Amino acid sequence: MIVVMRPGVTQEEIQSVISRLEREGFKTHLSEGVERTIIGAIGDKTRLRDENLAVMPGVEKVVPILHPYKLAGRDFHPEDSVIKIGDMTIGGPQIQIIAGPCAVESRSLLLEVANAVKEAGATMLRGGAFKPRTSPYSFQGLADKGLELLAEAREVSGLPIITEVIDQSSVDAVAEVADILQIGSRNMHNYPLLQAVGRQSKPVMLKRGLSATFEEWLLAAEYILKEGNSKVILCERGIRTFESYTRNTLDLSAVPAIKSLSHLPIFVDPSHGTGRRYMVAPMGRAALAAGADGLIIEVHPNPEEALSDGSQSLTPEQFAQLVKEIKPIISATGREL
Ligand code: PEP
Ligand code: MN
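Residues numbered from 1 in each chain as written. Chains lettered and ligands numbered in written order. Predicted model: local features only at pLDDT ≥ 70, side-chain atom pairs only at ≥ 80, totals over all residues. Heavy atoms only, no water.

> Help me understand helix α11 (residues 316–332), please; the structure alone is not making it clear to me.
Side chains of residues three or four places apart in an α-helix project in the same direction, reflecting 3.6 residues per turn. With 17 residues, α11 should reach 24 Å at 1.5 Å per residue; the first-to-last C-alpha distance of 25 Å fits that figure. Those residues of α11 lying buried are Pro-316, Phe-319, Leu-322, Val-323, Ile-326, Ile-329 and Ile-330. Elements that come into contact with the buried residues of α11 comprise β7 (96–100), α3 (107–120), α10 (277–289) and β14 (294–298). Positive phi appears at Gly-334, one or two residues downstream of α11, with a value of about 75 degrees. (Helix = DSSP H or I, 4+ residues; strand = E, 2+ residues; numbered from the N terminus. Expected span 1.5 Å × (residues − 1). Buried < 20%, exposed > 50% of the residue type's maximum accessible area, 1.4 Å probe, protein only. Contact = heavy atoms within 4.5 Å.)

Right, dumping it as structure tokens:
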């Protein structure tokens, strides 16, 4: 339930509502906005009824949380969530541009891309060490060696790292190296994995499942939040439709929809979202114009020779051009790079 406090409520009144809720076994979340203070409460309502709370001093009204996702919903947490990574923030005024190869292929390739994307204006480096490939015969990633190389690339470039974790057994190893853990589209419904990343403290980027609705996606986020990790970033990466020209159909309506339904930051991945190199920059520009908090872009120095996703990878020069093109859009939307 959500307890909406009256304007001008005192700290004592707020505290006494929180104590009452906690005494009855509720988990509470206080949101002190400019205009209103709201206390979100999750728990078993059999011992404490809405009416009992509604008459407490300072309480204006008690409203049920209507969405099945509670911690992820904006009712519960009206202000945008802002996630800190070192001195960077995600979900605040800053836009973050993540770039790098689909997969970590070799030391020299990773360091070359890391330096090139840094030079072009990327603020984080991506690269898969564990690759969840559609075919078991495709390159599966360098695994632990890939993680070591990502750690070295961070040292060399100074860019924080995001990389995918594909199973529970490697969560600790990935969390040791990564600044953000990525849950890929294919694993959005892997609930034990979501719980495992919810039990560690690094931020998690949760990609939208191949055919997940907004509600299913936010419920997947709820699995992570419920375990205690509040640092969840959503990423729209295209969904399955009848269209086969593009690899997926990039659903940019997810950006305003998620901004309205949830307080969590949302990124867009126009690389997997389209599968076609020439569409990456226009859809990246559109995503930022629609209000996305950042982009994640695949970049490879020789896309024709990439071990995965070459057809959707930009060259470093094309990526540098994209960064130039998004700058005026970022300023026009009142954000900063
Ligand atoms: C990726 O970003 O490397 C990836 C595999 O993406 P997705 O999970 O969106 O397919
Ligand atoms: Mn890829």
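> Quick question: what am I supposed to make of the nonpolar core here?
Note that soluble globular proteins tend to have their nonpolar side chains buried in a common cluster. Among the nonpolar cores identified, the biggest contains 70 residues, and Val-117, Leu-206, Leu-234, Leu-288 and Phe-319 are the most heavily contacted of them. The residues touching Leu-234, leaving out its near neighbours within four places in the chain, are Leu-206, Trp-217, Leu-218, Ala-221, Ile-258, Leu-264, Pro-265, Ile-266 and Phe-267. Among the nonpolar cores identified, the runner-up in size contains 16 residues, and Val-9, Phe-26, Ile-39 and Ala-41 belong to it. (Core = buried A, V, L, I, M, F, W, Y, C linked by side-chain atoms within 4.5 Å.)

> Can you walk me through the packing of aromatic side chains in this structure?
Working definition: an aromatic ring pair is given by the centre-to-centre distance plus the angle between the planes. Using the criterion set out here, one finds 1 aromatic pair in the structure. Look at Tyr-191 and Tyr-223: their rings are 4.5 Å apart centre to centre, the planes differ by 25 degrees, and that puts the pair in the stacked class. Of the two residues, Tyr-191 is situated in helix α6 (residues 191–198) and Tyr-223 in helix α7 (residues 214–226); the sequence distance between them amounts to 32 residues. Residue Tyr-223 is classed as partly exposed on the basis of its relative accessible area of 33%. Directly above the ring of Tyr-245 sits Arg-276, whose terminal nitrogen or CZ lies 3.6 Å from the centroid. (Phe/Tyr/Trp six-rings, centres within 6.5 Å; stacked < 30°, edge-to-face > 60°. Lys NZ or Arg CZ within 6 Å of the ring centre and 35° of its normal.)

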